Amino acid sequence: MNVSKPQTIDDAVLFLTEHPDAKIVAGGTDLLPRINQKLEEHAELCYIDDLPEMCEVRAEQDGSIFVGASIRLAEVAEIKILTKYTGFLQAASKVASPQIRNQATIGGNILQENRCMYFNNQVPWSDVNHCFKWGGKQCFQYKNSKECVALFQSDVAPVLISFGAKAVIRGSEGIREMPVKDLYMQAGLKNLAHNDILLGVKLPPLFKTEYSAYVRKTIRGSFDFPLVSCAVRVCVDANIIKDSRVVFGAAGVMPAELHMSNEVFIGRKIEDLPLLADELQPAVSKIIAPFQDTRINAAVRKDMAKEIFIKAIAQICQGN
Ligand SMILES: Cc1cc2nc3c(=O)[nH]c(=O)nc-3n(C[C@H](O)[C@H](O)[C@H](O)COP(=O)(O)OP(=O)(O)OC[C@H]3O[C@@H](n4cnc5c(N)ncnc54)[C@H](O)[C@@H]3O)c2cc1C
C-alpha cells in the first residue's frame, strides 16, 4: 500500500482523480482499523489531515463559523468562537477516549463508516460471508433487508444537523456547499464522489438567545460508541420559542430528525418545554430504527431515546 501526502488541496483532488483506488485518510481512527481487519483494501492512502485550509477555524462575513475538517476533536473545546455552540462542544468531548480525540478529526467523524453486529465491529465472529458492505448480496442483521441497515454512530453529525450546519466540499468542479444532513443516504452511503474532499463545516450565526445540548447513552463512560444519542437546539426570543431542531444519532443508517418538534415547540414559552417534550415521546419512539445489536435490543434503544431526549430538554431549560 502506497501512502501519499499532497501539499495542497488542488494536488489532493488531482491525486484522487488520477487514482481511483486511493482512499482519503484524516486521523485514521475509523479507517485504519477497518483496513487492519481486512474489511477494506486500498492501493493508495491519501493523507489530507494537515492541509492548512482544513485546519482553520474562522468567522465568515455573514457571521457563520467555518470549522476545518481536520480540526481534532480534542481541539474543539479550546476554540473561543465556538464556546456558545454548547451541543457541539459536548458532542466532540464525548467521542471515544482522550487518546482517540487527540487524533480524530471533525471530518472523519461525520464521514465515519456505519457499524452493525456483522460489519466493522472488531469481533471475530463477525467474519461471516460477505454482506452488502463487503460487496455481497445479503444482510445478516436483518435477513430480509434489501440493503445495508448498519447504524451510523457519529456523535458530531446529529449536533451539526441540529445547528443547520453546511458541509463545504471541494471536488473536481470546484467548491460547493450542502446541508450536513444531505451527506447521508440510504444503505449508509455518503453523498460524496471519490475525489470530493470535505474542507470543513459552516455553523450558522447563533440566534440572539439560543440553547443547545447533546446527550448520549453508552455502556461505559468512555471509549464507547453511543447506543443512541440526542441533539437539541432551541432559539428563543422574549421567552417564546422561535425555532428548534431535535436530531437523534445511532438511530438508524443516518441521523434521524424529529420534524414534529417545531410544530409542537414554536410559539410556546420556554418554560413549557418539559411538558411539550412529553407530548413528543411517541414520535421519538417512531423515528428510532428497531435495531438490535450485541449491546441492546430494539425496545430498549427506543426507551433510551425517550430518556435522553428528556435529559437534553432539561439541560436546555437550565440555560445550556
Ligand atoms: C475504540 C473506538 C471508539 C470510538 N468511539 C467513537 C464514539 O464514541 N463516537 C464516534 O462518533 N466515533 C467513535 N469512533 C470512531 C472514530 O474514531 C471517530 O469517528 C473519529 O472522529 C474519526 O475521525 P478520523 O479523522 O480518525 O477519521 P478517518 O479514519 O481518517 O476517516 C474516516 C472516514 O472519513 C473519510 N474522510 C475523513 N476525512 C475526510 C475529508 N476531509 N473529506 C472526505 N473524506 C474524509 C475517510 O476516507 C474515511 O472513510 C471510535 C473509534 C474507535 C477505534
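Reading guide: rules and limits
Residues numbered from 1 in each chain as written. Predicted model: local features only at pLDDT ≥ 70, side-chain atom pairs only at ≥ 80, totals over all residues. Heavy atoms only, no water. Helix = DSSP H or I, 4+ residues; strand = E, 2+ residues; numbered from the N terminus. Rg over C-alpha atoms; globule rule 2.2 N^0.38 Å. Buried < 20%, exposed > 50% of the residue type's maximum accessible area, 1.4 Å probe, protein only. Contact = heavy atoms within 4.5 Å. Areas by Shrake-Rupley, 256 points an atom, 1.4 Å probe, with all protein chains shown as cover. Lys, Arg positive; Asp, Glu negative; His and termini not counted. Charge placed at Lys NZ, Arg CZ, Asp CG, Glu CD. Near = heavy atom within 4 Å. Polar contact = N/O pair within 3.5 Å; in protein donor to acceptor, adjacent residues only side chain to side chain. Domains from an automatic or database assignment. Salt bridge = Lys/Arg side-chain N within 4 Å of Asp/Glu carboxyl O. Phe/Tyr/Trp six-rings, centres within 6.5 Å; stacked < 30°, edge-to-face > 60°. Lys NZ or Arg CZ within 6 Å of the ring centre and 35° of its normal.

**Here we look at the overall build of the protein chain**
Then comes step 1: Of regular secondary structure, the protein chain possesses ten helices and twelve strands.
Then comes step 2: For 320 residues, the compact-globule estimate of 2.2 N^0.38 gives 20 Å, and the protein chain sits close to it at 19 Å.
Then comes step 3: Projecting the C-alpha coordinates of the protein chain onto the three principal axes gives extents of approximately 60 × 50 × 35 Å.
Then comes step 4: Residues counted as buried form 54% of the 320 residues belonging to the protein chain.
Then comes step 5: Relative to all contacts within the protein chain whose residues are 6 or more apart in sequence, the contacts with residues 24 or more apart total 62%.
Then comes step 6: Within the structure as shown, the protein chain displays about 14,700 Å² of accessible surface, and the carbon and sulfur contribution to it stands at 52%.
Then comes step 7: Charged side chains of the protein chain number 36 positive and 37 negative; the gap between the two group centres comes to 6 Å.

**Digging into the site of the ligand**
Then comes step 1: Every one of the 34 residues lining the ligand counts as a neighbour, but Ile24, Thr29, Thr105, Asp155 and Asp224 are closest to it.
Then comes step 2: One of the backbone N or O atoms of Ile24 is found 2.5 Å from an oxygen atom in the ligand.
Then comes step 3: Expressed as a share of its isolated accessible area of 980 Å², the protein-covered part of the ligand is 94%.
Then comes step 4: When residues of the shell around the ligand are traced back to their parent elements, those giving at least two are strand E2 (22-25), helix H2 (31-36), helix H5 (106-110) and strand E8 (197-203).

**A short note on the domain arrangement of the protein chain**
Then comes step 1: Here the domain parsing of the protein chain yields domain 1 (2-77 + 102-203) and domain 2 (209-317).
Then comes step 2: A separation of 24 Å is found between the C-alpha centroids of domain 1 and domain 2.
Then comes step 3: Taken together, the contact pairs 29 residues of domain 1 with 27 residues of domain 2.
Then comes step 4: The interface formed by domain 1 and domain 2 includes one salt bridge.
Then comes step 5: Where Arg216 meets Asp155, a salt bridge forms, and the shortest distance between an N and an O atom there is 2.7 Å.

**Notes on the packing of aromatic side chains**
Then comes step 1: Applying the stated rule across the entire model yields six aromatic pairs.
Then comes step 2: Note on Tyr85 and Phe163: the rings are 5.2 Å apart at their centroids and 65° apart in plane angle, and the pair reads as edge-to-face. Taken together, the residues Tyr85 in the loop between strand E5 (65-68) and helix H3 (86-94) and Phe163 in the loop between helix H6 (156-162) and strand E6 (166-171) connect sequence positions 78 residues apart. Take Tyr85 and Phe163: they sit in the same class, and that class is buried.
Then comes step 3: Between the aromatic rings of Phe152 and Tyr184, the centroid separation amounts to 4.7 Å while the plane-to-plane angle is 45°, which identifies the pairing as tilted. Highlighted residues: Phe152 in the loop between H5 and H6 and Tyr184 in the loop between strand E7 (174-179) and E8, separated in sequence by 32 residues. Each member of the pair, Phe152 as well as Tyr184, is classed as buried.
Then comes step 4: The ring centre of Phe66 lies 4.2 Å from the NZ or CZ of Arg58, which sits over that ring.

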